[in-house]
Amino acid sequence: MNLRLLFPVIASTLLLICCTGCGSSDAPQQPVEEVTVDLGGGGVDLGAGEPLEMEDSTTAPTGAKKKPVRRFEPITLGSNSSKTGSKKDIPDEQKFDSVLEALKPLQIMLGNWGGITFKKTDGFSSVETLDWVWDLQTNPQQPALVMQADKSRYYENARLTYLTDKQMYQLMITNKDGDKRIYEGDFSVPVAKVEGDADPNILQTTYKLSLSLVDPPNERKHAQITLNQQNNDRYLFEIYDLRGDSVARVDTITTRRKGTSFAKSDSDYGDKTCVISGGLGTSQVNYQGKSFWVCCSGCRKAFDADPEKWIAKHEANKKKAMNQ
């Protein structure tokens, strides 16, 4: 047979076989294209704050519907997404009371003080005056003891408060150049009441509050501060540098209260109880013909701003104390 005549028949048969094989399940599958997600910001735009949960695409059959991709919202600390009952959900009023209670042992520092540094400059110790008062208005949920200083080489003002979430104290110091340093810590020596030398009926408050520098981090100079309360009329402001794995004291500011101490041995000051802090009142304020005691200018300002609020809290505290 003439091969030229057979060639068209052979070509048609081969074409028919190839077309039939295209629909066979045994035919090799086309490889699944791999998708690369650029985490550096290029390529696929996933949307801000919406990371995708990736699945293994190599096991998905060709032509199958894609599995819906789940999206997750990022958890923001302090947002409404926090779990109910966490420390961040403490009501404002309860948080205020907790902070105030934690600061009460330290209100022995309220009042006017004079300080002398141990470290001398040009042969002389620096002399400073400072004043501690309550601040109940700058942040109504975060009361604090604040200090304003004059002629200090280390600080212009300071703010001491208690962090309920961390359960530790925080001291923020601002120097004359406006630079801020934040310290956090707790009592290295707990608060105690001891008999005084002059009058055993007047107990003296003692403690050591040790605070370490947290901001700016990794600073070695002035890395720790200790408020060392010696008695009702004297405390030491001790400054330490970090040297190796230990700290070394580089200066001490010895402070003495100006005038006589208004601290007493008990916590019940009778009619002279401060309507806000519960401390011993030193001056009076008036509202609707009735007089109340306050312990410092900070409490006076808070009372003047909202007297009915503080009177109500004061009366509730007195009632609670009577029922105990």
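Residues numbered from 1 in each chain as written. Predicted model: local features only at pLDDT ≥ 70, side-chain atom pairs only at ≥ 80, totals over all residues. Heavy atoms only, no water.

(A) Spatial organisation of the nonpolar core. Counting residues in hydrophobic clusters, the biggest one holds 52 residues, and the most contacted among them are W132 and W134. With residues up to four places along the chain from it excluded, the contact list for W132 reads M109, L110, G111, W113, L145, V146, M147, A158, L160 and Y235. (Core = buried A, V, L, I, M, F, W, Y, C linked by side-chain atoms within 4.5 Å. Buried < 20%, exposed > 50% of the residue type's maximum accessible area, 1.4 Å probe, protein only. Contact = heavy atoms within 4.5 Å.)

(B) Broad picture of the sheet that holds strand β4 (residues 157-163). Read around the closed barrel, 10 strands run β1-β2-β3-β4-β5-β6-β7-β8-β9-β10, paired in antiparallel fashion. Between one strand and the next, the sheet's axes are offset by a mean angle of 25°, whatever the strand orientation. Here strand β3 (residues 144-150) pairs with β4 via four bridges, running antiparallel. In the strand pairing of β4, L145 is matched with L160. Against the sheet, helix α2 (residues 92-103) contacts β2 (124-135), β3, β4 and β5 (168-174), and its axis sits at roughly 115° relative to β4. (Pairing = 2+ DSSP bridges. Helix = DSSP H or I, 4+ residues; strand = E, 2+ residues; numbered from the N terminus. Axes fitted to C-alpha atoms, helices over the stretch in contact; angles between N-to-C directions.)

(C) Summary view of the pattern of salt bridges. In total, this model carries seven salt bridges according to the counting rule given. When the shortest N-O distance is used, the salt bridge between D135 and R159 registers 2.6 Å. Pair noted here: D135 is in strand β2 and R159 is in strand β4, with a separation of 24 residues, a long-range link. Looking at D135, the relative accessible area reads 14%, which means it is buried. (Salt bridge = Lys/Arg side-chain N within 4 Å of Asp/Glu carboxyl O.)

(D) Representation of the packing of helix α3 (residues 297-305) against helix α4 (residues 307-323) in the model. Orientation of α3 relative to α4, taken along the N-to-C sense of each, is 110°, at an axis distance of 5 Å. Classified by the interaxial angle, the pair formed by α3 and α4 is roughly perpendicular. Touching A302, F303, D304 and A305 of α3 are P307, W310 and I311, all from α4. The residue inventory of the contact of α3 with α4, partitioned by class, reads six nonpolar, no polar and one charged. (Parallel < 35°, antiparallel > 145°, perpendicular 65-115°, else oblique. Nonpolar A, V, L, I, M, F, W, Y, C, P; charged D, E, K, R; others polar.)

(E) Main features of the environment of F237. Examined against the element boundaries, F237 turns out to sit in strand β9 (residues 234-243). Taking the C-alpha atoms as reference points, F237 and T226, 11 residues apart in sequence, are found 6.1 Å from one another. Contacts of F237, omitting those with residues within four sequence positions, involve Y155, I173, I225, T226, L227, D251, T252 and I253.

(F) Layout of α2. An ideal rise of 1.5 Å per residue puts 16 Å on 12 residues; α2 measures up with 17 Å between its terminal C-alpha atoms. Among all positions in α2, only F96, V99, L100, A102 and L103 are buried. The arc that holds every buried residue of α2, seen down its axis, measures 160°, which confines them to one face. Where α2 is buried, its residues touch β2, β3, β4, β5 and α4. (Expected span 1.5 Å × (residues − 1). Arc of directions from axis to C-beta.)

(G) Spatial organisation of the side chain of Q204. Mapped onto the fold, Q204 is located in strand β7 (residues 203-215). Residue Q204 is classed as buried on the basis of its relative accessible area, which comes to 15%. Only 3.0 Å separates the side chain of Q204 from the backbone nitrogen of N232, close enough to count as a polar contact. For Q204, the residues in contact, after removing those within four places along its chain, are A192, K193, V194, G196, N231 and N232. (Polar contact = N/O pair within 3.5 Å; in protein donor to acceptor, adjacent residues only side chain to side chain.)

(H) Seen up close, the packing of aromatic side chains. The full count for this structure, using the stated rule, is seven aromatic pairs. Ring geometry for F292 and F303: centres 5.8 Å apart, planes at 45°, overall tilted. Here F303 lies in helix α3 and F292 lies in strand β12 (residues 290-294), a separation of 11 residues in the sequence. When its relative accessible area of 7% is taken as the criterion, F292 is described as buried. According to the relative accessible area criterion, F303 is buried, its value standing at 1%. Linked through ring pairs, Y162, Y169, F187 and Y207 together constitute an aromatic cluster. (Phe/Tyr/Trp six-rings, centres within 6.5 Å; stacked < 30°, edge-to-face > 60°.)

(I) Looking closely at unusual backbone geometry. The omega torsion across D215 and P216 is 5°, close enough to zero to call that bond cis. Not every positive phi belongs to a glycine, and K151 is a case in point at roughly 65°. When you line up the elements, K151 lands in the loop between β3 and β4. Among the residues examined, K151 registers a relative accessible area of 65% and is labelled exposed. For N218, which is not glycine, the phi dihedral falls at a positive 60°. Relative to the helices and strands, N218 is located in the loop between β7 and β8 (224-231). Accessibility expressed as a relative area gives 78% for N218, which makes it exposed.

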